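Each chain is listed here by its residues.
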Amino acid sequence: MDLYYEIQGEGSPVVLLHSPGVDSREWKYAAPLLAQSCKVITYDGRGTGRSPAPQTPTSLVEDLRDLLQHLRLERVTLVGHSMGGQAATDFTLTYPSMVERLVVIAPSLTGFVFSQEFTEWMASVNAAAPDIDKLVELSLSGPNYRATMAGPHREFLREMAVHYMTRVFTEWKSFEVRWPEPPAIERLEDIAVSTLFIRGTIEWPDMLKIAEQFQRVPAIHFAEMEGGDHMLTLTHAEELTEHIRNFMYGELDNAANKGRK
């Protein structure tokens, strides 16, 4: 196993998958809270944080499987943020016997077609390459970071983003990520485990459309966090972990889809 990981706490294993553009440090507030009652595993995805840069096409799903096998974990709860949520969803569909529960936080979704508004904005950000400072500035000026960038976590988020972008342009040899087929958007009905979808109210409209797709998951619950943007892991760590704890210990399951919309 060449990916950097950390383990905190004891109990039921929970694996946290971070967002793109940052690294596992985004869990620095949430992980210790969850570790009060669970065994929490955080890790840096390939090319982020302290993990090696990708030299060949990457599979986030297979990287996660390799990590779980290395740690001898047969069945875990997955908590994925943004593209980490996409990877957790694809992993759940690919290796269903290894997943106890699934939590996705403002996730992306394999096969989802983003709006013209979002894709044009992303194109304008990418056009700044390879100017790292400008890339980071434009990226974090998006509407889905408005709350975080107006608060005390602004510099920490910028630090992680600069570190990520610097590694991308100095170390990465491959930028291809391979996802399982068919795409998850076509198979959400096949997710058999209880699933929790968490999002903030400050997001691109596309997030609502992704949430609508997750309505097709048979055992789905939803939680909305007022005033939160895409970085709920930083700005709303206590509330976020409370939702996850309640979900893990059955309070939502016993409430007949209490959070469903």
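Let us look at the structure shown here. Small disclaimer: the values here were computed from a predicted structure and weren't measured.

### With respect to the overall build of the chain
- A count of helical and extended segments in the chain gives 10 helices and 7 strands.
- Compactness check: the chain gives a C-alpha radius of gyration of 17 Å against a globular reference of 18 Å for 261 residues, within 12% of the reference.
- In terms of overall dimensions, the chain has C-alpha extents of about 50 × 40 × 40 Å along its principal axes.
- Relative to its full complement of 261 residues, the chain shows a buried share of 55%.
- Of the contacts made within the chain by residues no fewer than 6 positions apart, 77% connect residues no fewer than 24 positions apart.
- Surface summary for the chain: the accessible area is close to 11600 Å², and the carbon and sulfur share equals 50%.

### Comments concerning unusual backbone geometry
- The linkage connecting Ala129 with the following residue, Pro130, adopts the cis geometry, with an omega of 5 degrees.
- Omega for the bond connecting Glu181 with Pro182 falls within 30 degrees of zero, at -5 degrees, which places this linkage in the cis form.
- Looking at the secondary structure, you find Pro182 in the loop between helix H7 (154-170) and strand S6 (195-200).
- Look at Arg72: it is not a glycine, yet its phi comes out positive at around 55 degrees.
- Position of Arg72 among the secondary structure elements: in the loop between helix H2 (60-70) and strand S4 (76-81).

### Topic: the sheet that holds strand S7 (residues 220-225)
- What the 7 strands build is an open sheet, ordered S1-S3-S2-S4-S5-S6-S7; its pairing is mixed. Only two strands of the sheet have a single partner each, and these edge strands are strand S1 (5-8) and S7. Each strand of the sheet is rotated relative to its neighbour by a mean of 20 degrees, with strand direction disregarded.
- Helix-sheet contacts for helix H3 (residues 83-94) involve strand S2 (13-17), S4 and strand S5 (99-105), and the interaxial angle to S4 is about 145 degrees.
- On the sheet, helix H8 (residues 206-214) packs against S5, S6 and S7 and is oriented at approximately 165 degrees with respect to S6.

### As for the nonpolar core
- The biggest cluster of nonpolar side chains holds 38 residues, and the ones touching the most others in it are Val15, Leu78, Phe91, Phe197 and Phe214.
- Listing elements by their share of this core, those giving two or more residues are S2, strand S3 (39-43), H2, S4, H3, S5, H8 and S7.
- Once you skip the residues sitting within four places of it in the chain, Phe214 turns out to touch Thr89, Val104, Pro107, Leu109, Leu188, Phe197, Ile220 and Phe222.
- Counting 23 residues, the second-largest nonpolar core is a separate cluster that includes Phe118, Ala128, Met149 and Met165.

### As for the pairing of S5
- With 6 of 7 residues buried, S5 lies mostly within the body of the structure.
- On the question of chirality, the crossover connecting S4 to the parallel S5 by way of H3 is right-handed.
- Direction of pairing for S5 relative to S6: parallel, over a ladder of 4 bridges. Considered in S6, the bridge of Ile105 is made with Ile198.

So, how was this worked out
Residues numbered from 1 in each chain as written. Predicted model: local features only at pLDDT ≥ 70, side-chain atom pairs only at ≥ 80, totals over all residues. Heavy atoms only, no water. Helix = DSSP H or I, 4+ residues; strand = E, 2+ residues; numbered from the N terminus. Rg over C-alpha atoms; globule rule 2.2 N^0.38 Å. Buried < 20%, exposed > 50% of the residue type's maximum accessible area, 1.4 Å probe, protein only. Contact = heavy atoms within 4.5 Å. Areas by Shrake-Rupley, 256 points an atom, 1.4 Å probe, with all protein chains shown as cover. Pairing = 2+ DSSP bridges. Axes fitted to C-alpha atoms, helices over the stretch in contact; angles between N-to-C directions. Core = buried A, V, L, I, M, F, W, Y, C linked by side-chain atoms within 4.5 Å. Right-handed = clockwise from strand over helix to strand, strands pointing away.

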